[in-house]
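Structural overview for review
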Amino acid sequence: ELERLRQVDSAIFRSHTIDATWPVAEGTAGMERALERVFGEADAALASGVNILILSDRAVGPERVGIPAALVVSAVHHHLVREGTRLQTGLIAESGEPRSVHSVAVLVGYGAAAVNPYLMLETLGDLVAQGQLPPEMTAEDAQRRAVKGIAKGLLKTMSKMGISTIP
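So, a few notes on the structure that sits alongside this text. (Residues numbered from 1 in each chain as written. Predicted model: local features only at pLDDT ≥ 70, side-chain atom pairs only at ≥ 80, totals over all residues. Heavy atoms only, no water.)

**Here we look at the packing of aromatic side chains**
Heads up, the rule is: Working definition: rings of Phe, Tyr and Trp (its six-membered ring) pair if their centres are within 6.5 Å, and the pair is stacked with planes under 30 degrees apart, edge-to-face with planes over 60 apart, and tilted otherwise. For a lysine, the NZ atom is tested; for an arginine, the CZ atom; a charge sits over a ring if that atom is within 6 Å of the ring centre and within 35 degrees of the ring normal.
Taken as a whole and judged by the stated rule, the model has zero aromatic pairs. The side chain of Arg58 reaches across the aromatic face of Tyr118, ending 4.1 Å from its centre.

Printed below as a string of structure tokens:
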């Protein structure tokens, strides 16, 4: 589903993926520069007509470290509010960090319209392949159940808080 959003390019919707990582070699100072780069890239994307921003940490590896998902989502949200452009775009968090209802709820609360917890979903596929889940369960079944569980958890959390919609 995220790939469909990533590839959308119509008269109405355009998406752009922003790398939310920075080189390990830059140390902690690199995160501030990375956030400034993300802000600039978001501004340029919006100026070019993009209205779906995907904040992704998929480039994480031995040489690159990710900006914490909650930090990058909230920082971009507030940057766009200050610039007066927040209502022009939806923010999507593509992160390996979220693994629970709470972590997804935090990202939604900080401004994400959608969350792709890719590492959790890929881990479920690996568990099926290793035989760690019931033999009749496919990777797609496990992933669908996890997404359904998170959605139910978000709904329960929201209803307890009196929230009836997610923008």
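**Thoughts on the environment of Ser56**
Stated precisely, the cut-off is as follows: Segments assigned H or I by DSSP are reported as helices when at least four residues long, segments assigned E as strands when at least two residues long, and all are numbered from the N terminus. Only heavy atoms matter for contacts: two residues are in contact if any of them lie within 4.5 Å across the pair. Polar contacts here mean pairs of N or O atoms no more than 3.5 Å apart (in protein, one a potential hydrogen donor and the other a potential acceptor; neighbouring residues in sequence count only if both atoms are side-chain atoms).
Structurally, Ser56 is set in strand β3 (residues 52–56). C-alpha separation for the pair Ser56 and Val81, spaced 25 residues apart in sequence, amounts to 20 Å. In contact with Ser56, other than residues within four places in its own chain, are Thr17, Ile18, Asp19, Ala20 and Glu94. Looking at Ser56, its side chain comes within polar contact range of the main-chain nitrogen of Arg58, at 3.2 Å. Side-chain polar atoms of Ser56 contact the side chain of Glu94, separated by 2.6 Å.

**Observations concerning the side chain of Ser74**
Positionally, Ser74 belongs in helix α3 (residues 69–83). Looking at Ser74, its side chain comes within polar contact range of the main-chain oxygen of Leu71, at 3.1 Å.

**Focus: the environment of Ala93**
To keep things clear, this is the line we draw: When a residue's accessible area, from a 1.4 Å probe over protein chains only, is under 20% of the maximum for its type it is buried; when over 50% it is exposed; and in between it is partly exposed.
Structurally, Ala93 is set in strand β5 (residues 90–94). When its relative accessible area of 2% is taken as the criterion, Ala93 is described as buried. Setting aside residues no more than four positions away along its own chain, Ala93 makes contact with Leu55, Val73, Leu107, Ala112, Ala114, Val115 and Asn116.

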